[in-house]
Amino acid sequence: MLRQLSNSIRRQLKTNGNSAKLLAAISSTGHPNWFYCTKATGGNGGQRNNNDSARDEKRKIRKASVPAVQNPFANVTNKTKESYLTMVEIFEDRDVHRRNHVEFIYAALRNMADFGVEHDIEVYKALINVMPKGKFIPTNVFQAEFMHYPKQQQCIIDLLEQMEDLGVMPDYEMEAMLLNIFGRRGHPLRKYWRMMYWMPKFKNLSPWPLPNPMPDDTLEIAKMAIERMCTVDLRSKVSVYETTIVRDAVDETWIVSGMSAEQSHLLRVHPRHKAVYIEGPFLIWLRNRSINYFTLRADPDLEFLQSLKQNEHEDQDDVSRLRTPVLGAAMPRTQNQVGKNRSVHQQEDGTIFAICATGTSTKDSLLSWIRLLENNGNPTLGEIPVLFRVSSAIAAKAIEIESNTTKSGNEQESPIPKTN
C-alpha cells in the first residue's frame with residue numbers, strides 16, 4: 001500500500017507540481033490522517049500574499065497610538081472649589097461603569113493646586129467616591145496579600161500619600177468609604193490606619209502652634225516668626241515700629257523687632273571699639289509661608305568662653321578629691337568661684353543682641369531699625385560702629401570662583417552712619 005501511494009505521488013509530481021492535485025491524490029488513498037506541508041506557488045501564493053498584507057494592515061492598526069484623553073480640568077476658566085467638584089460630578093454621571101476612573105483621579109490630583117483645594121478633605125473624599133463600590137474587595141487571603149487590582153489600589157494609596165505630605169488628616173467617613181471599596185483587608189485601608197495612628201501624634205506636637213490656614217498678611221506672619229524665635233528667652237519683648245517716626249527714613253514700612261532685657265544688658269557692656277553686625281537675610285518657614293529676618297550680633301567673646309570651658313573641667317561634686325582644713329587653716333577657695341554665667345544669647349559663633357523682620361528687607365529699613373533701638377533703651381548703639389554683613393548672591397559667588405579672586409568669604413561690609 002505504501003508503495004502504491006509513493007508511486008501515485010511521484011506520478012503527480014512529474015505531471016504537475018500543483019499542490020491541490022497532490023492533496024487530492026493523498027486523500028484518494030483513503031488515509032486522512034496523513035498530512036504534508038508544501039510551499040504554495042502560483043495563484044494560491046498570490047492569495048496568501050494578499051492575506052499577509054491584510055494581516056499586516058490589521059497589526060499596524062492595533063499598534064497605532066491611542067490618542068490621549070483630554071484633561072477636563074485644563075479648560076476650566078473659573079478655577080474654584082465649586083467648579084472642581086462640578087467636574088467630578090460630571091464624570092460620575094457620564095458613564096455608569098465609570099471607565100478610566102484611575103486616570104481621572106490622577107489628573108484631578110495633579111490639578112488640585114491650580115484650584116486651591118489641595119488642603120480640603122472634602123475634595124479628597126469626592127475623588128475616592130469616584131471608585132466603583134464592592135468590585136475591588138478581595139475574596140481570599142491570596143488576593144488580599146498579593147494586592148488584587150493593583151492599579152486601583154495604588155491610585156488611592158497615592159491619594160492618601162498626597163494627603164499625608166500636605167498635612168491633611170483623614171476622618172472616619174473616609175474609613176467607611178475605603179471599607180466599601182476595597183474591603184477590610186485592602187491595602188488602602190491599611191494605609192489609612194497607619195495615617196490615623198501617626199498623624200494625630202504629630203499634629204499638636206509642636207510647642208509653637210500656628211493657625212491653619214495661615215494668614216496672608218505679611219505683618220502677622222512676621223509677628224509669629226519673631227515670637228517663635230524669641231521663645232528662647234521668656235523675657236523677650238516683641239515690638240512693632242513704623243519707619244515714619246524715624247527722621248530721614250526713605251522706606252515707609254513696618255519693623256517687627258525682638259529683644260530681651262538680657263540682650264540689652266549684653267549690648268550695654270559690649271566694648272565700644274568692637275563693631276556689631278547686621279546679618280541676613282535668613283529664611284524661616286511657618287507652614288507654607290516664609291519670611292526673611294535679620295540679626296544684630298557681635299563676634300564671640302573668646303576669653304570669656306575659654307574661661308567657662310576651663311571651669312567646666314573641674315567637677316564640684318567629685319568626692320574623690322575632698323579638701324580638708326589642716327591645723328585650723330581656712331578652706332582653699334577655687335578660682336572664679338563666683339563668676340559670670342553664660343547667657344543663652346552668647347553662642348560659640350557670636351553674641352546675638354536682637355532680631356527683626358522688615359516689610360521691605362532693605363538697608364534703609366535696617367538703618368531705621370538701629371535708630372529705633374537706640375531711641376528705645378539702647379543709647380550705646382550711637383557709640384558702637386554698626387556694619388552690614390549681607391550674604392552675596394549666587395551669581396556674584398560664581399563670578400568670584402571663576403575669577404580666582406582672593407576675597408575671603410562671601411560677605412560685604414558697609415558702615416552705618418552714626419546718628420546724633
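Residues numbered from 1 in each chain as written. Predicted model: local features only at pLDDT ≥ 70, side-chain atom pairs only at ≥ 80, totals over all residues. Heavy atoms only, no water.

**Re the overall build of the chain**
When helices and strands are counted, the chain shows 16 helices and eight strands. Here the chain holds 420 residues, and the buried ones make up 36% of them. Here the analysis covers contacts within the chain between residues at least 6 apart in sequence; of these, 68% occur between residues at least 24 apart. On the chain, roughly 27,600 Å² of surface is accessible, and the fraction owed to carbon and sulfur atoms is 53%. (Helix = DSSP H or I, 4+ residues; strand = E, 2+ residues; numbered from the N terminus. Buried < 20%, exposed > 50% of the residue type's maximum accessible area, 1.4 Å probe, protein only. Contact = heavy atoms within 4.5 Å. Areas by Shrake-Rupley, 256 points an atom, 1.4 Å probe, with all protein chains shown as cover.)

**Overview of helix H5 (residues 101-110)**
With seven of 10 residues buried, H5 is to be regarded as a mostly interior element. Taken as a whole, H5 has its buried residues at His101, Val102, Phe104, Ile105, Ala107, Ala108 and Leu109. Residues of H5 that are buried sit in contact with helix H4 (81-94), helix H6 (112-115), helix H7 (121-128) and helix H9 (150-165).

**Considerations on the nonpolar core**
Formed by 39 residues in total, the largest nonpolar core has its most connected members in Tyr84, Leu159 and Leu178. The contact partners of Tyr84, leaving out residues within four places of it in the chain, are Phe73, Ala108, Leu109, Asn111, Met112, Phe115, Val117, Val123 and Leu127. Counting residues in hydrophobic clusters, the runner-up holds 23 residues, among them Val276, Ala298, Leu373 and Phe388. (Core = buried A, V, L, I, M, F, W, Y, C linked by side-chain atoms within 4.5 Å.)

**Quick word on the pattern of salt bridges**
Taken as a whole and judged by the stated rule, the model has 14 salt bridges. Across the pair Glu122 and Lys81 runs a salt bridge, and its minimum N-O distance is 2.8 Å. Of this pair, Glu122 sits in helix H7 while Lys81 sits in helix H4, and the two are 41 residues apart along the sequence. Ionic pairing is found between Lys223 and Glu220, a salt bridge with its closest N-O pair at 3.9 Å. Here Lys223 and its partner Glu220 are both found in helix H12 (residues 218-229), three residues apart, which amounts to about one turn of the helix. Connected through salt bridges with shared partners, the residues Glu279, Arg297, Asp349 and Arg389 form a single ionic network. (Salt bridge = Lys/Arg side-chain N within 4 Å of Asp/Glu carboxyl O.)

**Looking at the packing of H9 against helix H11 (residues 187-203)**
Orientation of H9 relative to H11, taken along the N-to-C sense of each, is 15 degrees, at an axis distance of 9 Å. When the axis of H9 is compared with that of H11, the two are roughly parallel. Helix-helix and strand crossings are classified by hand; for H9 and H11 the assignment is right-handed. Taking contact as the criterion, the partners of Gln153, Ile156, Ile157, Leu160, Glu161, Met163 and Glu164 in H9 are, on H11, His187, Pro188, Lys191, Tyr192, Met195 and Met199. A breakdown of the residues in the contact of H9 with H11 according to their chemical character gives eight nonpolar, two polar and three charged. (Axes fitted to C-alpha atoms, helices over the stretch in contact; angles between N-to-C directions. Parallel < 35°, antiparallel > 145°, perpendicular 65-115°, else oblique. Left-handed = near helix turned anticlockwise from the far one by under 90°. Nonpolar A, V, L, I, M, F, W, Y, C, P; charged D, E, K, R; others polar.)

**Looking at the side chain of His187**
Its location among the elements puts His187 in helix H11. You can call His187 buried: its relative accessible area is 18%. Apart from residues lying up to four places away in sequence, His187 is in contact with Ala144, Glu145, Met147, Gln153 and Ile157.

**Here's the deal with a nonpolar patch on the surface**
A surface patch of nonpolar side chains, amounting to about 500 Å² of accessible area, comprises Tyr197, Trp198, Phe202 and Leu205. Within the secondary structure, Phe202 is located in helix H11. What makes Phe202 exposed here is its relative accessible area of 53%. (Patch = residues over 30% accessible without salt bridge, like charges linked within 9 Å, V, L, I, M, F, W, Y side chains within 5 Å.)

**A look at the packing of aromatic side chains**
What describes a pair of aromatic rings is the distance from one ring centre to the other and the angle between the planes of the rings. Tallying each qualifying case throughout the model produces 10 aromatic pairs. Measuring from ring centre to ring centre gives 6.0 Å for Phe73 and Phe115, while their planes differ by 80 degrees; the resulting arrangement is edge-to-face. In this pair, Phe73 sits in the loop between helix H3 (43-63) and H4 while Phe115 sits in helix H6, placing the two residues 42 residues apart along the sequence. Residues Phe73 and Phe115 agree in their burial class; the two are buried. Considering the side-chain rings of Phe282 and Tyr293, the 5.6 Å spacing of their centres and the 40 degrees angle between planes classify their relative orientation as tilted. Of this pair, Phe282 sits in strand E3 (residues 276-286) while Tyr293 is found in strand E4 (residues 289-298), placing the two residues 11 residues apart along the sequence. Here Phe282 falls in the partly exposed class, since its relative accessible area comes to 30%. (Phe/Tyr/Trp six-rings, centres within 6.5 Å; stacked < 30°, edge-to-face > 60°.)

**Some remarks on the packing of helix H10 (residues 172-182) against H11**
For any two helices packed against each other, the geometry is given by the interaxial angle and the distance between the axes. Their axes nearest at 9 Å, the elements H10 and H11 cross at an angle of 160 degrees. Taken together, the axes of H10 and H11 are roughly antiparallel relative to one another. Every pair of crossing elements has a handedness; the one defined by H10 and H11 is left-handed. Where H10 approaches H11, its residues Tyr172, Met174, Glu175, Leu178, Leu179 and Phe182 are matched on the opposing element by Pro188, Leu189, Tyr192, Trp193 and Met196. For the contact of H10 with H11, the residue count by class is 10 nonpolar, no polar and one charged.

**Observations concerning the pairing of strand E2 (residues 254-259)**
Within E2, six of the six residues are buried, leaving the element largely enclosed by the surrounding structure. Direction of pairing for strand E1 (residues 237-242) relative to E2: antiparallel, over a ladder of six bridges. When the bridges of E2 are listed, Val238 appears paired with Gly258. In terms of strand pairing, E2 meets strand E6 (residues 350-358) through four bridges, oriented antiparallel. Bridging across to E6, Ile255 finds its partner in Thr358. (Pairing = 2+ DSSP bridges.)

**With respect to the side chain of Ser264**
Along the chain, the position of Ser264 falls in helix H13 (residues 261-268). A polar contact of 3.1 Å, which involves the side chain of Ser264, links it to the side chain of Asn378. The contact partners of Ser264, leaving out residues within four places of it in the chain, are Met259, Gly377 and Asn378. (Polar contact = N/O pair within 3.5 Å; in protein donor to acceptor, adjacent residues only side chain to side chain.)

**Some points on H12**
Spanning 12 residues, H12 covers 17 Å between terminal C-alpha atoms, matching the ideal 16 Å at 1.5 Å per step. Those residues of H12 that are buried lie in contact with E1, E2, E3, E4 and E6. The opening residue of H12 is Asp217, an N-cap whose side-chain oxygen sits 3.3 Å from the backbone nitrogen of Leu219. (Expected span 1.5 Å × (residues − 1).)

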